[in-house]
Amino acid sequence: MIKNLILTAVAGMICSHAFSQTPKLGVDPINEVVRAMTLDEKLDMLIGTLGNVSTDAKATIGNSSEIVPGAAGQLNAIPRLGIPATVVADGPAGLRIKPVRTGVDKTFYCTHFPIETVMSSTWNTQLVYAVGQAMGDEVKHYGVDVLLAPATNIQRNPLNGRNFEYYSEDPLLAGKICAAMVNGVQSNGVGTSVKHFALNNQETNRTSNNVIGAPRTFREIYLKPFEIVVKESQPWTIMTSYNKINGTMSSERCDLITEILRKEWGFQGLVMTDWYGGQHATWQMEAGNDLLMPGKAAQRSEIKAAVLNGRLSMEIIDRNVEHVLEYILKTPHFKGYVADNNPDLQAHATVTRNAATEGMVLLRNVKNALPLTDKVKKLAVFGRTSYDFIAGGTGSGDVNHAYVVNLIDGLQNAGFQVDGKVKAAYESYIPSAKAQMPKSKSKFAAFLPKHLIAEMSLDEMDLAAVAKQNDVAVITLGKTSGEFADRNISDNFNMTDAEKAMVRKVAAAFHKAGKKVVVILNVCGVVETKSWIDNADAVLVAWLPGQEGGNSVADILTGKENPSGRLPMTWPVSYNDVPSKTDFPTPDDISEDSLLKALEGFTDKRTEGTRKNFDYTEYNDGIYVGYRYYVTKQVPTSFPFGFGLSYTTFKYGKPVVSRDADGNIKVTVDVKNTGKKSGKEVVQVYVSAPGKDMPKAARELKGFAKTQSLHPGESERVSVTIPYTCLASFNENESQWQVEGGEYQVMVAGNAADTKPLTSVVSIDAKVTEKVHPSLMLEQK
C-alpha cells in the first residue's frame, strides 16, 4: 500500500509539473503565458490571421474574419494556452458585417446610425453616449470584440473625403464627443479602436503622404482630441494612421506611440495598425505598435529574422505580446460569450432617428418658414436625393443596413401629400440615369466614393402649375464622399450649375405664387451656399443622417422636434477663404484613372516623391485651423462654428465666473426659454488668452453644455468647468505645456464669431503644467 501511495504521489507531481509547463491565459499570470510561447506563437499574437498570406498590399477596406463574415479582421488563437481568436469590425456609423450568409436562413443587418459629424453637431455628450450604447450592443450581439471606431481626426480642410467620419475642426469638441461615444460603446463589455492616430487629414495618397508641421501645431490641434479620449475613456485599442509625420510612418514612431500615448497620456490598451499600414514591421514593433493588421507573410518573416539575428529584442516582442493578451482578457470571446445574433434593431432605429434629428442644423429660416403649419398639406419635392437619400459615406464607414427611409417616405409618414407627377418624373429619371453612368472595369472602383447622377432638368416641367397645385416646395441637395479620394471643389463643395438652376427655377415659380421653398442639405460636409441660398426661405442641414433620415427630417419640418444642432465646423463663403487651401490637394486636378491606378498598384512601393500636397503636405496654417483662423484674421464666413437656429428663443442671465485655488474656472449661467416652443440650447464658453508669450487665436472653445428640453418660460442653470491645464499652450523651445499669466476673457457666446458675447475677466497665474520629452520634431536633412 505504501508503494502505491508513493507511485500516486510521484504521478501527481509529474502531472502538476506538466500542467505548470502549460499555463493558461486568465488562470496564470500573463508573463508566464508569454514565457510559455514559442517565437512563432508570439508572432501569431502580433500579426493578424492573414499573417501567412503573401501580399504587398498597402491599404484596403477589411473583410477577412472567418468567425463573423464581413468583419474586418481577426486575431489568432492559441488553444493550448487558453487564448481564443477575437474579432474586430468596422465602423464609425455602425457595425459593418456581411448581412447574408450562405446556407443560413437569417439576415444579419446592422443599424446605420448617423455619421460622426451628426453626433458632434448635437453638442450633447449624453445623447452620444446613448448612441454608443446602442452601437456597442449590436457589436456584442453579433459576436464582435472590437469596433474599429470612432475616428477623431481634425476636419482641417472641408475637402477631406473622410470628414464625415470625423467630429470637428475643434479639438475640444472632437475629443469630448468621441470620449462619450467610446464610453457608450464600451459599456457593453466590448472595445473600440480610436483612429487614425495621427494626422490622417487627407485621403489623397494617404498611405505615403508626409505631414510636415511643428510640434505645437500637432499637440494643440491634432493630438488633443486623442489625448482627451484616452484620459476620459481609455479605449481598448488605438489604430495608427497610414501617413508619415515629419518623415516617419506614424506606426513606426516611438515618440508618438510610446512616449506621448503611453507615458504622457497613460494609455493602457493595445495599439494596432490600420489595414496594411506602415512599411517596416521591425520598426513598428520597436515603436510599440503591438498588432499588425490584418497581417501578411512578409511581416512575419521580417520580425522573425530580426529576432533570430539579434536585431530586435525579445523584450520588445514580449512587451507587445503582453499588451495583446491584456486586451484579449477583456473580450467577450475570452469570457465565453456566445453571440445570439439578435440585437434589438427596432429599438436602435428609434435611437438613430432621435440622434439624427438632434444633430440637424437649421441655417436659415426667413419669416418662420419652418416649422410647416397645419395648413400645409401638399408638397412638391425636388432633387434626386429626395428619392435616393444618402444615409452615410462609403468605405469602412459604410453599414449594411436593412433599409433607408428616403425623404419622400418620411414626408408621407408624417401625413403630407407628395405631388405625384413630380415624384413620377424622378422615379423614371433616376434608374435611367444610373444605368447610363459609365461603369469602370477596375475591380477597385468599388473602393472609391460613389458617383451621384446629375440633377434632372426641369425644363420640361410646368413649374407654375406645380406651384399652383402645392403648398410648399421641398428641394434636397445631396453630396457624398468616402475613402481613398478627397472631395472635388467644382461639383462636391460647390453646387453644380444644374443644382443651382433647379433651386432658382423652383424658387421663382413658388415665390411668384406666394409660396415658400425649403432646402434640405443631405451632405457629407461643408458646401458653398452664398451663390444660391437667397432663393430659399429655409435651409436645414440634415448631413448623412443614417437609415431613419427621412423620418428625422420630417420630424424637424413638422415641428415635432425643434432643431438644436450647432455647426461643428466653419462654413466659409468660398473655398478661396480656407486657410489650408494652398496646403491641401486639389482633387479636381486628380483624375479617377490615377486614383484607380494607385489602388491597382497596391503592390507598388509607397511613393517617396516631391509632389506638393501629394507626397508631402505642409501644415503652414499652424494652430489657425477653422474658426481660430476666421475669427483671429476677421475673415467673413457664411456660417460660423457653433452656429444654429431654433424655433424658439433663449435669454441668458449674467454669467457668474469664479476661479478656485488651483486656477480652475467655473462658469455658471441661467438659460431661459423665452419663446413659444420647447427646445434645447447649447451653451458655448470661449476663452481669450493675453497672447504675450506666443501667438494665440483670438478665442478658443474651452467648454460647452446642452440644456434639457426647456418648455416656454422654463429656465435651467448651466455650469461649465474649465480646468487650469486646459488654458495651457505648448512651448516648443522648452518642450513644455505652460499657462500664461495675466487677464483672460471668458466669453459665453452664441457661436465662435459672436460679436456680443457675455464676457468676464479672470486673472490667471502663470505656471508650467507639464514638461515633456521633445517629440515629433521636424525632420533634419
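Each remark here, short or long, concerns the structure printed above.
A count of helices and strands for the protein chain gives 22 helices and 29 strands. For 781 residues, the compact-globule estimate of 2.2 N^0.38 gives 28 Å, and the protein chain sits close to it at 27 Å. In terms of principal-axis extent, the alpha carbons of the protein chain reach across some 105 × 70 × 60 Å. Going through the 781 residues of the protein chain one by one, you find that 61% of them count as buried. The average position of the 83 basic charges and that of the 85 acidic charges among the side chains of the protein chain differ by 3 Å.

Look at helix H13 (residues 345-359) against helix H20 (residues 549-558): their axes get within 8 Å of each other, and the N-to-C directions meet at 50°. Classified by the angle between their axes, H13 and H20 sit oblique to one another. You can see that H13 and H20 cross each other, and the crossing is right-handed. For the pair H13 and H20, the contacting residues are Thr352, Arg353, Ala356 and Thr357 in the first and Asn551, Ser552, Asp555 and Ile556 in the second. Tallied by class, the residues present in the contact of H13 with H20 amount to 2 nonpolar, 4 polar and 2 charged.

Across the two faces of strand S2 (residues 86-89) the burial is the same, with Thr86 and Val88 and Val87 and Ala89 all buried. With 3 bridges joining them, strand S1 (residues 73-75) and S2 adopt antiparallel strand pairing. Residue pairing across strands places Gln74 opposite Val87, the latter belonging to S2.

Across all of its chains, the model carries 41 salt bridges by this definition. Of the charged contacts, one joins Glu358 and Lys680 as a salt bridge, the two residues approaching to 2.9 Å between their closest N and O atoms. Of the two residues, Glu358 sits in helix H13 while Lys680 sits in the loop between strand S21 (665-673) and strand S22 (682-688), which places them 322 residues apart along the sequence. A residue is classified by how much of its surface remains accessible, and Glu358, at 9% relative accessible area, is buried. Classification of Lys680 by relative accessible area gives partly exposed; the value is 22%. A salt bridge links Lys706 to Glu358; the shortest N-O distance between them is 3.0 Å. Placement of the pair is Lys706 in strand S23 (residues 700-706) and Glu358 in helix H13, with a sequence separation of 348 residues. The structure contains a network of salt bridges with shared partners spanning Arg162, Glu165, Glu203, Arg206 and Glu483.

Attention now goes to the packing of aromatic side chains. Per the counting criterion, the structure on display carries 18 aromatic pairs. On the numbers, 6.4 Å between centres and 80° between planes, the contact of Phe218 with Tyr619 is edge-to-face. Taken together, the positions of Phe218 in helix H7 (residues 215-222) and Tyr619 in the loop between strand S17 (616-618) and helix H22 (627-632) put the pair 401 residues apart, joining distant regions of the chain. Of the two residues, Phe218 and Tyr619, neither departs from the other in class, the shared state being buried. Judged by centre distance (6.0 Å) and plane angle (85°), the rings of Tyr627 and Tyr686 are edge-to-face.

One finds Leu363, Phe382, Phe510, Leu521, Trp543 and Trp571 to be the most contacted residues of the largest nonpolar core, which totals 160 residues. In terms of residues, this core owes the most to one element, helix H6 (residues 171-186), which gives 10 residues. By size, the runner-up hydrophobic cluster in this structure holds 41 residues, among which are Leu270, Leu292, Ala306 and Val307.

A word on the packing of H6 against helix H8 (residues 224-233). Running from N to C, H6 and H8 cross one another at 35°; their axes reach a closest spacing of 8 Å. Where H6 crosses over H8, the handedness of that crossing is right-handed. Touching Pro171, Leu172, Ala174, Gly175, Lys176, Cys178, Ala179, Val182, Asn183 and Gln186 of H6 are Lys224, Pro225, Ile228, Val229, Glu232 and Ser233, all from H8. Along the lines of polarity and charge, the residues of the contact of H6 with H8 split into 9 nonpolar, 4 polar and 3 charged.

Mapped onto the elements, Val34 comes out in helix H2 (residues 30-35). Residue class for Val34 comes out buried when judged on its relative accessible area of 2%. As for Val34 and Arg319, which are separated by 285 residues in sequence, their C-alpha atoms are 9.3 Å apart. Those residues in contact with Val34 that sit more than four places away from it in its chain are Lys42, Asp318, Val321, Glu322 and Leu325.

Our next topic: the environment of Val144. You can see Val144 is positioned in the loop between helix H5 (125-141) and strand S3 (146-147). Residue classification places Val144 among the buried residues on the basis of a relative accessible area of 1%. Beyond its immediate chain neighbours, meaning those up to four positions away, Val144 contacts Val68, Val87, Val88, Ala89, Leu95, Val139 and Val190.

The sheet built from 4 strands is open, its strands ordered S8-S7-S5-S17 with mixed pairing. Each edge of the open sheet is held by one strand with a lone partner, namely strand S8 (248-249) and S17. In this sheet, S17 lies alongside strand S5 (residues 210-212) in parallel orientation, the contact comprising 3 bridges. Across the sheet, the residue bridging to Asn210 is Tyr616, located in S17.

On to the sheet that holds strand S29 (residues 767-771), then. Read across the sheet, 3 strands follow the order S25-S26-S29 without closing on themselves; strand pairing throughout is antiparallel. The open sheet is flanked by strand S25 (729-731) and S29, the only strands paired with a single partner. Geometrically, the sheet is characterised by an average inter-axis angle of 35° between neighbouring strands, direction not taken into account.

Unfilled space is identified by rolling a water-sized probe across the atoms. As enumerated under the stated definition, the model contains 4 cavities of 30 Å³ or more in all. If you add up the space inside the largest cavity, you get close to 140 Å³. Around the largest cavity sit 17 residues that line it, and Gln155, Asn157, Pro158, Glu169 and Thr570 are the ones nearest its centre. In terms of residue class, the lining of the largest cavity is made up of 8 nonpolar, 7 polar and 2 charged.

Quick look at H8 now. Of all the 10 residues making up H8, 8 are buried; the element is thus mostly covered by neighbouring parts of the structure. Lys224, Pro225, Phe226, Glu227, Ile228, Val229, Val230 and Ser233 are the residues of H8 that are buried. Looking at the buried side of H8, the elements it contacts are H6, strand S4 (191-197), H7, strand S6 (237-240), helix H9 (254-264) and strand S26 (736-739). Where H8 ends, the next residue or the one after it, Gln234, has phi of about 45°, a positive value.

Conventions we followed
- Residues numbered from 1 in each chain as written.
- Predicted model: local features only at pLDDT ≥ 70, side-chain atom pairs only at ≥ 80, totals over all residues.
- Heavy atoms only, no water.
- Helix = DSSP H or I, 4+ residues; strand = E, 2+ residues; numbered from the N terminus.
- Rg over C-alpha atoms; globule rule 2.2 N^0.38 Å.
- Buried < 20%, exposed > 50% of the residue type's maximum accessible area, 1.4 Å probe, protein only.
- Lys, Arg positive; Asp, Glu negative; His and termini not counted.
- Charge placed at Lys NZ, Arg CZ, Asp CG, Glu CD.
- Axes fitted to C-alpha atoms, helices over the stretch in contact; angles between N-to-C directions.
- Parallel < 35°, antiparallel > 145°, perpendicular 65-115°, else oblique.
- Left-handed = near helix turned anticlockwise from the far one by under 90°.
- Contact = heavy atoms within 4.5 Å.
- Nonpolar A, V, L, I, M, F, W, Y, C, P; charged D, E, K, R; others polar.
- Pairing = 2+ DSSP bridges.
- Salt bridge = Lys/Arg side-chain N within 4 Å of Asp/Glu carboxyl O.
- Phe/Tyr/Trp six-rings, centres within 6.5 Å; stacked < 30°, edge-to-face > 60°.
- Core = buried A, V, L, I, M, F, W, Y, C linked by side-chain atoms within 4.5 Å.
- 1 Å grid on protein atoms, 1.4 Å probe; cavity = no way out; pocket = protein on both sides within 12 Å on 5 of 7 lines; lining within 4 Å.
- Points joined across faces, edges and corners; volume = space filled by probe spheres on them.

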